[in-house]
Amino acid sequence: GAVVSQHPSRVICKSGTSVKIECRSLDFQATTMFWYRQFPKQSLMLMATSNEGSKATYEQGVEKDKFLINHASLTLSTLTVTSAHPEDSSFYICSARAGGHNEQFFGPGTRLTVL
Amino acid sequence: GNSVTQMEGPVTLSEEAFLTINCTYTATGYPSLFWYVQYPGEGLQLLLKATKADDKGSNKGFEATYRKETTSFHLEKGSVQVSDSAVYFCALSTGRRALTFGSGTRLQVQP
């Protein structure tokens, strides 16, 4: 089956620093990638949709200048949390979808802790 | 807009008990319906899916039937195991949009 990886799996950073999370599709070309955020014991909330080679589409209430998304290739999307604060601490999950297909494949998630 | 409502947890069962987790939805158009499972510390895994009315998705002993008349997609398993303890998410998608998730239901199976 299709495999999506995320790196790092866990990251702890100081308040004010920036953190980059990578999402890779390992065995297929992902024309679309989605970034979700999950708070403890809550559901996944879509943050943004990223299509290869174009700007990401952000959901209402998500700050595009704070959560920078780049989808420069068909196998890699990155989410950069800029000037992170403790309230940004969360579990960030990406998913990827191949062109012409509806099914999304999820990465294992990245747990971000901002001190 | 699209939305998914699933029963609140946690659901605590003894091993070999029957499981039902209710899920209802509202959607524009004709959605595809999914159940995902999240084991502790891990990402989401697709458990089963159904793409049209009356379809039954099944996997690992779990089943769910796409009921258009009741807009439901309830998850069932005849005999749960301790290893089934996880959080279960009902979700839908319409067209090629991102998934809309329910709030998740935590299942705890006791030996």
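Check the entry above for the structure.
Residues numbered from 1 in each chain as written. Chains lettered and ligands numbered in written order. Predicted model: local features only at pLDDT ≥ 70, side-chain atom pairs only at ≥ 80, totals over all residues. Heavy atoms only, no water.

Colleague: Report on the environment of A:His85, specifying residues and quantitative values.
Modeller: All names here are of chain A. Locating His 85 in the fold gives a position in the loop between β8 (76-81) and β9 (90-98). According to the relative accessible area criterion, His 85 is partly exposed, its value standing at 31%. Apart from the residues lying within four places of it in its own chain, the contact partners of His 85 are Ser 15, Lys 66 and Val 114. Within the local environment of His 85, its side chain forms a polar contact with the side chain of Ser 15, the two groups lying 3.3 Å apart. (Helix = DSSP H or I, 4+ residues; strand = E, 2+ residues; numbered from the N terminus. Buried < 20%, exposed > 50% of the residue type's maximum accessible area, 1.4 Å probe, protein only. Contact = heavy atoms within 4.5 Å. Polar contact = N/O pair within 3.5 Å; in protein donor to acceptor, adjacent residues only side chain to side chain.)

Colleague: Please set out empty space enclosed by the protein residue by residue, giving values where relevant.
Modeller: In total, this model carries 1 cavity of 30 Å³ or more according to the counting rule given. Along its surface, the largest cavity is lined by A:Asn102, A:Glu103, A:Gln104, B:Phe34, B:Tyr36, B:Ser93, B:Arg97 and B:Leu99. For the lining of the largest cavity, the per-class residue count stands at 3 nonpolar, 3 polar and 2 charged. (1 Å grid on protein atoms, 1.4 Å probe; cavity = no way out; pocket = protein on both sides within 12 Å on 5 of 7 lines; lining within 4 Å. Points joined across faces, edges and corners; volume = space filled by probe spheres on them. Nonpolar A, V, L, I, M, F, W, Y, C, P; charged D, E, K, R; others polar.)

Colleague: Outline the pattern of salt bridges, listing residues and values.
Modeller: According to the stated counting rule, one finds 6 salt bridges over all chains in the structure shown. Between A:Glu22 and A:Arg24 there is a salt bridge, with the nearest N and O atoms lying 3.4 Å from each other. Using a relative accessible area of 34% as the deciding quantity, one classes A:Arg24 as partly exposed. A salt bridge links B:Lys77 to B:Asp84; the shortest N-O distance between them is 2.8 Å. When its relative accessible area of 10% is taken as the criterion, B:Lys77 is described as buried. (Salt bridge = Lys/Arg side-chain N within 4 Å of Asp/Glu carboxyl O.)

Colleague: I'd love a proper account of the side chain of B:Gln6, names of residues and values included.
Modeller: All names here are of chain B. Within the secondary structure layout, Gln 6 lies in strand β1 (residues 3-6). A distance of 3.0 Å separates the side chain of Gln 6 from the backbone nitrogen of Cys 90, its partner in a polar contact. A distance of 3.1 Å separates a polar side-chain atom of Gln 6 from the backbone nitrogen of Gly 104. Leave out the neighbours within four places in its chain, and Gln 6 touches Ile 21, Asn 22, Cys 23, Trp 35, Tyr 88, Phe 89, Cys 90, Gly 102, Ser 103, Gly 104 and Thr 105.

Colleague: Describe the sheet that holds strand β1 (residues 4-7) of chain A, naming the residues involved and giving the relevant values.
Modeller: Residues and elements named next belong to chain A. Spatially, 4 strands are ordered β1-β3-β8-β7 in an open sheet, and the strand pairing comes out antiparallel. The open sheet has two edge strands with one neighbour each: β1 and β7 (67-73). Between one strand and the next, the sheet's axes are offset by a mean angle of 15 degrees, whatever the strand orientation. (Pairing = 2+ DSSP bridges. Axes fitted to C-alpha atoms, helices over the stretch in contact; angles between N-to-C directions.)

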